[in-house]
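Close look at the chain arrangement
Read off the chains here:
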Amino acid sequence: MNIKQLKYFLVVAEERQITSAAKKLYIAQPPLSYQLKQLEKEVGVQLFVRTAHGIELTEEGKVFQKYAEKIVALSISAQSQIHQIKEGELGKIRIGVISSCGGVVPNEQFKKLVKYYPNVSFEIHEANTFGIVEQLQDGILDLGIVRTPFNLEGLNFKDFHQEPMVAVTREEFFERKEIRHLSELKDSPIILYRRFQEIFNRSFRHQGIRPFYSVTCDDARTAIHWADKGLGIALVPESIALTYAKSKIIPVKHTNWITHLNLVWRKDREVTPLIEKIIEMF
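What comes next concerns the included structure. (Residues numbered from 1 in each chain as written. Predicted model: local features only at pLDDT ≥ 70, side-chain atom pairs only at ≥ 80, totals over all residues. Heavy atoms only, no water.)

Overview of the overall build of the chain
To keep things clear, this is the line we draw: Put simply, DSSP H or I for four residues or longer makes a helix, DSSP E for two residues or longer makes a strand, and each gets a number counted from the N terminus. Each residue's exposure class comes from its accessible area (1.4 Å probe, protein chains only) as a fraction of the maximum for that residue type: buried when under 20%, exposed when over 50%, partly exposed otherwise. Residue burial considers only the protein chains on display, and all accessible areas are found by Shrake-Rupley using a 1.4 Å probe. A positive count includes Lys and Arg, and a negative count includes Asp and Glu. His and the chain ends are not counted in either. Throughout, a charge is located at the NZ atom of Lys, the CZ atom of Arg, the CG atom of Asp or the CD atom of Glu.
Broken down by element type, the chain carries ten helices and eleven strands. Dimensions along the principal axes, computed over C-alpha positions, put the chain at roughly 105 × 35 × 25 Å. Going through the 282 residues of the chain one by one, you find that 43% of them count as buried. Carbon together with sulfur atoms contributes 51% to the accessible area of the chain, which is approximately 16100 Å² in total. Within the chain, the 34 negative side-chain charges are centred at a point lying 2 Å from the centre of the 38 positive side-chain charges.

Have a look at this one:
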């Protein structure tokens, strides 16, 4: 029994004539009759009976018709889904995201992708940059959205967004409208987002400044929250500040404090059509 035989059977059952069924299927009558006999032989029952007006389904044939319709429908559905997967129109993407990308991702491109391909789904894993890179290496993720700097070994990357650092604080800690020189922060309590500790320390050290870190944490949102509560000045990427901060946001004019968001994926993993669409989207 095969799908072709089932399709032949259903057309004959609908037409109730071998001649008209053969025309509809664009085949000759003898091969059609042969396929029906082979089908009956395999199922072990007579599916059709000849009448004065053509052929009719037997009782067994009527029961078999219901199953044949389901099988053919499932076959069509399977072929359609396989085609969608092949074309990148169906599937699940496992994406790792960092907390500090919340002001940038998801963007309008994600909305367009979901609009055009409603059967695409996303499984989001949240971690810091190092955790996401590790999960990529372990095969847990398909793609990652991380922030520089990070170890590029074994990874392809696409730089899609860059932004400056800003200071988030209440008025009582800082009254200036912008920070033009790091010396302006030397006597202030700084809430340190540990991800950038090395970069901050290098910059302060280069200018002979010893900063006072009043709070140290591992999440930009935590740094912003503590700044909003009046515990000091949080130094965080601009997009996350614009998304979460309730206090004043002050631009920091320091060229070395520019951070980049990168889309990353493993070099040794096959890039499926769906993953390729996501990469192109960025």
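After presenting the structure, the write-up continues.
Focus: unusual backbone geometry
Going from valine 105 to proline 106, the amide bond is cis rather than trans, its omega being 5°. Relative to the assigned elements, proline 106 resides in the loop between strand E3 (91–97) and helix H5 (108–116). The omega angle of the peptide bond from threonine 148 to proline 149 is 0°, so this bond is cis rather than trans. Secondary-structure assignment places proline 149 in the loop between strand E5 (143–147) and strand E6 (155–169). Look at arginine 16: it is not a glycine, yet its phi comes out positive at around 60°. Within the secondary structure, arginine 16 is located in the loop between helix H1 (3–15) and helix H2 (18–25). The class of arginine 16 is partly exposed, set by a relative accessible area of 46%. Backbone geometry places tyrosine 26, a non-glycine residue, at a positive phi of 60°. Turning to its location among the elements, tyrosine 26 is positioned in the loop between H2 and helix H3 (29–43).

Focus: a nonpolar patch on the surface
Our working definition: Surface patches are drawn from residues lacking salt bridges whose relative accessible area is over 30%; two like charges belong together within 9 Å, two nonpolar side chains (Val, Leu, Ile, Met, Phe, Trp, Tyr) within 5 Å. Counted as salt bridges are all cases of a side-chain nitrogen of Lys or Arg within 4 Å of a carboxyl oxygen of Asp or Glu.
A cluster of nonpolar side chains, Val63, Tyr67 and Ile71, forms an exposed patch at the surface whose accessible area comes to about 290 Å². The residue isoleucine 71 is located in helix H4 (residues 59–86) in this model. Judged by its relative accessible area of 36%, isoleucine 71 falls in the partly exposed class.

Examining the pattern of salt bridges
Here the idea is simple: oppositely charged side chains can pair when their charged atoms come close. Per the counting criterion, the structure on display carries twelve salt bridges. For glutamate 59, the salt bridge is made with lysine 62, and the minimal N-O distance between the two is 3.5 Å. Here glutamate 59 and its partner lysine 62 are both found in helix H4, three residues apart, which amounts to about one turn of the helix. Residue glutamate 59 is classed as exposed on the basis of its relative accessible area, which comes to 57%. With its nearest N and O atoms 3.0 Å apart, the salt bridge here joins aspartate 142 to arginine 94. Of this pair, aspartate 142 sits in the loop between helix H6 (129–137) and E5 while arginine 94 sits in strand E3; the two residues are 48 residues apart in sequence, bridging distant segments of the chain. Overall, arginine 94 belongs to the partly exposed group, its relative accessible area being 22%. Ionic contacts of the salt-bridge type, sharing partners, join the residues Glu14, Glu15 and Lys24 into one network.

Some points on the nonpolar core
Here is the rule: The criterion is simple. A nonpolar core is a set of buried Ala, Val, Leu, Ile, Met, Phe, Trp, Tyr and Cys residues joined through side-chain atoms within 4.5 Å.
Judged by nonpolar contacts, the single largest core of 34 residues is most densely connected at Val168, Leu185, Phe200, Phe204, Leu235, Val236 and Trp257. The next biggest cluster of nonpolar side chains, apart from the first, holds 30 residues, and it includes Ile98, Cys101, Val104 and Leu141.

A closer look at H6
The complete set of buried residues in H6 reads Thr129, Gly131, Ile132, Val133, Gln135 and Leu136. With its phi angle positive at about 80°, glycine 139 sits one or two positions after the end of H6.

Focus on the packing of aromatic side chains
The geometry of an aromatic ring pair comes down to the distance between the two centres and the angle between the two planes. Selection rule: Only centres within 6.5 Å qualify two rings of Phe, Tyr or Trp (six-membered ring in Trp) as a pair; their planes then separate them into stacked at under 30 degrees, edge-to-face at over 60, and tilted for everything else.
Within the structure shown, the criterion is met by seven aromatic pairs. Note on tyrosine 193 and phenylalanine 196: the rings are 5.4 Å apart at their centroids and 75° apart in plane angle, and the pair reads as edge-to-face. Tyrosine 193 sits in the buried class, given a relative accessible area of 6%. A relative accessible area of 1% means that phenylalanine 196 is categorised as buried. Measuring from centroid to centroid gives 5.7 Å for phenylalanine 204 and tryptophan 257, while their planes differ by 80°, and the two rings are edge-to-face.

Digging into H3
Residues separated by three or four positions in an α-helix point in the same direction, a consequence of the helix having 3.6 residues per turn. As a reminder of what qualifies: Here a helix's expected span is defined as the number of its residues, less one, multiplied by 1.5 Å.
With 15 residues, H3 ought to run about 21 Å at 1.5 Å a step, and its terminal C-alpha atoms sit 21 Å apart, in line with that. Two residues or fewer past H3, glycine 44 is found with a positive phi of approximately 80°.

Here we look at the environment of valine 215
Defined as follows: Residue contacts follow a heavy-atom distance rule, with two residues in contact if any of their heavy atoms lie within 4.5 Å.
Relative to the helices and strands, valine 215 is located in strand E8 (residues 212–217). Its relative accessible area of 12% is what places valine 215 among the buried residues. Considered as a pair, valine 215 and glycine 232 are 17 residues apart in the sequence and their alpha carbons are 7.9 Å apart. Setting aside residues no more than four positions away along its own chain, valine 215 makes contact with Ile190, Ile191, Leu192 and Trp226.

Observations regarding the pairing of E5
The criterion, for reference: Paired strands, in this sense, are two strands between which DSSP finds at least two bridges.
In terms of residue burial, E5 counts as a mostly covered element, since five of its five residues are buried. Across the two faces of E5 the burial is the same, with Leu143, Ile145 and Arg147 and Gly144 and Val146 all buried. Pairing analysis gives four bridges linking E5 to strand E11 (residues 258–266), with the strands arranged antiparallel. Note that in E11 the partner of isoleucine 145 across the bridge is leucine 263.

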